[in-house]
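Overview (structure and organization)
Residues per chain, in single letters:
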Amino acid sequence: MTEHKGVLIIGEIIEENLAAVTLELLGCGRTLADKLGERLSGLLMGSDTRPHASKAIAYGADKIYIMEDPLLEDYQSDLYLAAVEKMVRRVMPKIVLMGQTPMGRDLAPRLGFRMHAAVLMDCVELDIDTQTGRLLQVRPVYGGNARAVFTSETRPQMATVRSKAMSPLERNSSRKGDIIEIKPEIDPSAMRTKLLEKVKEEVAGIKIEDAAILVTGGRGIGGPEGFEQLEDLAGLLKGAVGATRPVVDSGWCPTSRQIGLTGKVVAPDLYIAVALSGSSQHMAGCSGAKHIVAINSDPQANIFREASFGIVGDWKKALPSFIEKVRELLKE
Ligand SMILES: Cc1cc2nc3c(=O)[nH]c(=O)nc-3n(C[C@H](O)[C@H](O)[C@H](O)COP(=O)(O)OP(=O)(O)OC[C@H]3O[C@@H](n4cnc5c(N)ncnc54)[C@H](O)[C@@H]3O)c2cc1C
């Protein structure tokens, strides 16, 4: 029987940078590899991957495989699948990790099928069972109301990991590792789909996933006009405005601002939740926030169970004085 060894992460390069989730995977992969007493390797594909490989080593990898070809510049299912399958069969890792990104969502199940291996999607925590050496894969279930722990019988054990669920290690540029170039041997005729155009999402100001301070509005805001006040507060705090799903469904805010199970996952330092109830599906996207401040007229609202500070009252009365106070403090 083939011996599976080590942890392999499939990295992503987005806009000429290692994706944030790749750094998080490296941090988590490092912990898992150390617990197993094995090595952490990574795979980077694209047209100019070498500088990113050194960075990946500084963030925890022992070894980075690079596959370079202009056809790998952008994610393409058929070519990436062939390249990753080749790599996995060569390395025979015990564990394969990808981000829960558009690429990971598409590639992981395809790779699982090719390898006859189970894939756990959207994990928020990973660990090693010290008794069996198996990967413990934790993911939200029942719409985010509970968490379940899974293990796989098959090898490699494969998982995709939700962004912001884990933290990267501190960059350590003195870390040593190997960079190994592998010829991808691309067969362009394998491509069944072609990328025709890339349209960049227009975001005014800071993206919600990058903001250290978020002001998020819920259905209780009552309409798009109310969001102007939330924009004022976010502007003063150099933050961004987020929204719950009903707000987005009502067209008061663009989809790019939705936070939650079916929206984005954020982990800001400060999360100001205005007139939102704090449903489990919403909290699935913001429970990583360091501090939550809530404004809600219902003292029983679930958000008060999650918040460190809260105002029970009408946001239309509370928010203007809140904004006034912030203005005053900023002047001091
Ligand atoms: C599969 C699935 C996925 C989902 N994914 C998401 C997701 O990604 N993100 C998400 O947000 N939701 C998601 N939902 C929806 C989720 O279940 C909730 O319905 C939603 O989060 C509720 O949004 P809300 O808090 O804005 O609205 P509500 O639950 O209606 O809460 C409005 C709150 O505003 C308060 N309020 C009203 N008026 C005022 C006032 N004048 N001043 C102060 N407070 C006031 C009320 O007391 C209430 O607590 C999903 C649901 C399902 C089934």
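The following refers to the structure shown. If you're wondering where the values come from, they're calculated on a predicted model, not measured in any experiment. (Residues numbered from 1 in each chain as written. Predicted model: local features only at pLDDT ≥ 70, side-chain atom pairs only at ≥ 80, totals over all residues. Heavy atoms only, no water.)

Here's the deal with unusual backbone geometry
- Of the consecutive residues Arg155 and Pro156, the connecting peptide bond is found in the cis state with omega at -5°.
- Its location among the elements puts Pro156 in the loop between β10 (146–150) and β11 (157–161).
- With a phi close to 60°, Glu16 is a non-glycine residue in the positive phi region.
- Examined against the element boundaries, Glu16 turns out to sit in the loop between β2 (13–14) and β3 (17–18).
- With a relative accessible area of 70%, Glu16 lands in the exposed category.
- Of note in this structure, Ala275 is not a glycine but carries a positive phi near 50°.
- You can see Ala275 is positioned in the loop between β15 (270–274) and α7 (280–283). (Helix = DSSP H or I, 4+ residues; strand = E, 2+ residues; numbered from the N terminus. Buried < 20%, exposed > 50% of the residue type's maximum accessible area, 1.4 Å probe, protein only.)

A short note on helix α5 (residues 226–236)
- Turning to α5, its buried residues are Gly226, Phe227, Leu230, Leu233 and Ala234. Taken around the axis of α5, the buried residues stretch over an arc of 110°, which confines them to a single face. Among the exposed residues of α5, those oriented more than 90 degrees off its buried face are Glu228 and Gly235.
- Packed against the buried residues of α5 are β13 (213–217), β14 (240–243), α6 (245–249), β15 and α9 (315–331).
- Immediately beyond the C-terminal end of α5, within one or two residues, lies Lys238, with a positive phi of roughly 55°. (Arc of directions from axis to C-beta. Contact = heavy atoms within 4.5 Å.)

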